[in-house]
Amino acid sequence: MNMPIVRTDAAGRGESDLANSERNGVSTEPGQSIIGTDDLILVTGASGFIGARVVESLLNLGFRNLRCFARASSKAVGAEAFGERSRRAARIEVKRGNLLSGEDCAAATKDVKVIFHLAAGRGEKSFPDAFMNSVVTTRNLLEASLRHQCLKRFVNVSSFTVYANAQRPWRSLLDESCPVETRPELRGEAYCYAKVKQDEIVVDYGKRLGIPYIIIRPGYVYGPGKQAITGRVGIDTFGVFLHLGGSNTIPFTYVDNCAEAVALAGLRKGVDGEVFNVVDDDLPSSRQFLRLYKRNVRQFKSLYLPHFVSYALCSLWERYATWSAEQLPPAFNRRKWYTYWKKTGYSNEKLKTLVGWTPRVPMAEGLKRYFEGCRNGKQHA
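Quick notes on the rules
Residues numbered from 1 in each chain as written. Predicted model: local features only at pLDDT ≥ 70, side-chain atom pairs only at ≥ 80, totals over all residues. Heavy atoms only, no water. Helix = DSSP H or I, 4+ residues; strand = E, 2+ residues; numbered from the N terminus. Buried < 20%, exposed > 50% of the residue type's maximum accessible area, 1.4 Å probe, protein only. Contact = heavy atoms within 4.5 Å. Areas by Shrake-Rupley, 256 points an atom, 1.4 Å probe, with all protein chains shown as cover. Pairing = 2+ DSSP bridges. Axes fitted to C-alpha atoms, helices over the stretch in contact; angles between N-to-C directions. Salt bridge = Lys/Arg side-chain N within 4 Å of Asp/Glu carboxyl O. Arc of directions from axis to C-beta. Polar contact = N/O pair within 3.5 Å; in protein donor to acceptor, adjacent residues only side chain to side chain.

Engineer: A description of the overall build of the chain should follow, citing residues and the corresponding values.
Structural biologist: A count of helical and extended segments in the chain gives 12 helices and 15 strands. Burial status across the chain gives 55% buried among its 381 residues. Of the contacts made within the chain by residues no fewer than 6 positions apart, 81% connect residues no fewer than 24 positions apart. Accessible surface for the chain amounts to roughly 16900 Å². Of this, 52% is attributable to carbon and sulfur atoms.

Engineer: Go over the sheet that holds strand S10 (residues 234-237) with me, naming the residues and quoting the values.
Structural biologist: One open sheet holds the three strands; their spatial order is S10-S11-S14, and the pairing between them is mixed. The two strands at the open ends of the sheet, each matched to only one other strand, are S10 and strand S14 (302-304). Averaged over all adjacent pairs, the angle separating strand axes in this sheet is 25°, with direction ignored. Relative to S14, strand S11 (residues 240-243) is paired through three bridges, and the arrangement is parallel. What sits directly across from His243, in S14, is Tyr304. Packed onto the sheet, helix H8 (residues 286-296) meets S11 and S14 and runs at close to 155° relative to S11.

Engineer: Explain unusual backbone geometry to me, using residue names and the numbers behind them.
Structural biologist: Positive phi values are uncommon outside glycine, yet Gln149 reaches one of about 55°. Residue classification places Gln149 among the exposed residues on the basis of a relative accessible area of 62%. Phi at Asp282 is positive, roughly 55°, even though this residue is not glycine. With respect to the helices and strands, Asp282 occurs in the loop between strand S13 (275-278) and H8.

Engineer: Got a sec to walk through the pattern of salt bridges? Specific residues and values, please.
Structural biologist: Following the criterion strictly, the structure yields 19 salt bridges and no others. Close ionic contact of Asp38 with Arg64 constitutes a salt bridge, the shortest N to O distance being 3.1 Å. In this pair, Asp38 is assigned in the loop between helix H1 (17-23) and strand S2 (41-44) and Arg64 in the loop between helix H2 (51-60) and strand S3 (65-71), connecting sequence segments 26 residues apart. For Asp38, a relative accessible area of 48% corresponds to the partly exposed category. One salt bridge in this structure joins Lys352 and Asp281, with 2.9 Å as the shortest N-O distance. With a gap of 71 residues between them, Lys352 in helix H11 (residues 349-355) and Asp281 in the loop between S13 and H8 connect regions that are remote in the sequence.

Engineer: Requested: an account of H2, with residues and values cited.
Structural biologist: In terms of residue burial, H2 counts as a mostly covered element, since nine of its 10 residues are buried. Looking at H2, one finds that the buried residues are Gly51, Ala52, Arg53, Val54, Val55, Ser57, Leu58, Leu59 and Asn60. At the exit of H2 stands Gly62, carrying a positive phi of roughly 100°.

Engineer: Pulling in residues and values, what's your account of H8?
Structural biologist: For H8, the complete set of buried residues consists of Ser286, Phe289, Leu290, Tyr293 and Lys294. Considered in projection along H8, the buried side chains sweep an arc of 130° and stay on one side of the axis. Looking at the buried side of H8, the elements it contacts are S11, strand S12 (252-254), S14 and helix H12 (363-375).

Engineer: For the side chain of Asn277, give the residues involved together with the corresponding values.
Structural biologist: Mapped onto the elements, Asn277 comes out in strand S13. Residue class for Asn277 comes out buried when judged on its relative accessible area of 0%. One polar contact links Asn277 to Tyr163, side chain to side chain, over a distance of 2.7 Å. When near neighbours in sequence (up to four residues on either side) are disregarded, Asn277 contacts Phe160, Tyr163, Leu174, Asp175, Glu176, Arg217, Ser347 and Leu351.

Engineer: Can you tell me about the pairing of strand S5 (residues 114-117), naming the residues and giving the values?
Structural biologist: The two faces of S5 match: Val114 and Phe116 on one face and Ile115 and His117 on the other face are all buried. As judged from the four bridges shared by S2 and S5, these two strands associate in the parallel manner. Considered in S5, the bridge of Leu42 is made with Ile115. Sheet topology note: the S5/strand S6 (residues 153-157) ladder contains four bridges and is parallel. When the sheet's bridge partners are listed, Ile115 is paired in S6 with Phe154.

Have a look at this one:
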């Protein structure tokens with residue numbers, strides 16, 4: 001279903017694109033974008049936690065012709081809400097539909113020069129559902145773009161969850177050169193499996209059929225609208241929060257910083273085929289974050305499990321799940337432990353060097369806003 005196109009005018013109309021982007025605190029250089037400011041951009045998952053901010057970041061960068069795709073069942077607002085956040089004239093079209101439909105994908109990708117693909121089956125716990133809503137939908141978009149023959153880049157927003165961390169040294173730095181899970185189904189996480197397969201199909205279409213692409217892998221995206229504590233810190237079970245992270249660094253990225261990274265990298269010249277990790281500077285440890293959360297949001301009981309204890313428990317769980325033919329689901333296993341609770345450092349150097357991105361919201365300010373959202377019970381729709 002096509003919603004009305006809404007045009008919004010702002011006081012800044014008539015200023016240069018560079019002046020507009022500088023005024024909004026987002027850096028972009030003339031001639032560094034793969035498209036012009038009036039070329040059509042498609043954002044899937046535009047009503048999502050990150051997607052809505054990507055739309056805003058594109059507007060702040062001076063791009064004025066956006067098509068926002070949301071599920072037909074989504075509670076997404078109309079185009080006028082995106083327009084209110086814009087500070088210049090913009091043409092924003094909201095399309096509702098289903099990316100599992102070839103017809104909807106064909107309509108969504110018509111005349112589009114860049115696709116920012118953020119829609120994913122995040123909440124699905126079953127492998128088939130996650131595969132359908134991440135992998136099949138991605139294939140449909142790629143096929144539709146081939147039909148139109150006008151796409152200049154497919155921007156696939158992936159996740160840190162795809163990385164394999166088992167064979168890497170303790171306390172090593174995780175960057176874009178790190179290996180990806182080759183047997184993601186053994187992690188026991190449908191989301192991980194779907195994201196690995198989604199990345200694979202994007203790379204395959206790029207190499208085999210010549211679709212220009214980049215892959216962006218954010219760490220844990222946080223901010224107002226998210227209330228859950230990331231599992232990298234610990235898990236809440238049996239009335240006690242089990243603190244598993246300890247002194248581990250948590251790969252946070254504030255939602256606005258992440259959205260700007262996606263927008264800037266997605267439009268930057270000369271980076272086709274690249275992978276970019278997104279994490280902020282001054283990352284806190286799990287212990288530091290938990291202490292701040294208790295101080296600023298609410299107090300609760302927590303029990304710290306040393307790394308050797310949590311590893312042993314994951315190993316025992318995995319072995320029992322195997323012995324019982326998965327009557328006990330392998331929710332905890334050594335692959336998951338290596339990914340979430342092994343001591344690891346994180347780098348954003350490639351994104352800074354090739355794209356020129358820096359996180360504009362400092363960690364202290366981002367956590368302040370996040371804690372305030374948690375206290376107010378603010379939850380993204």
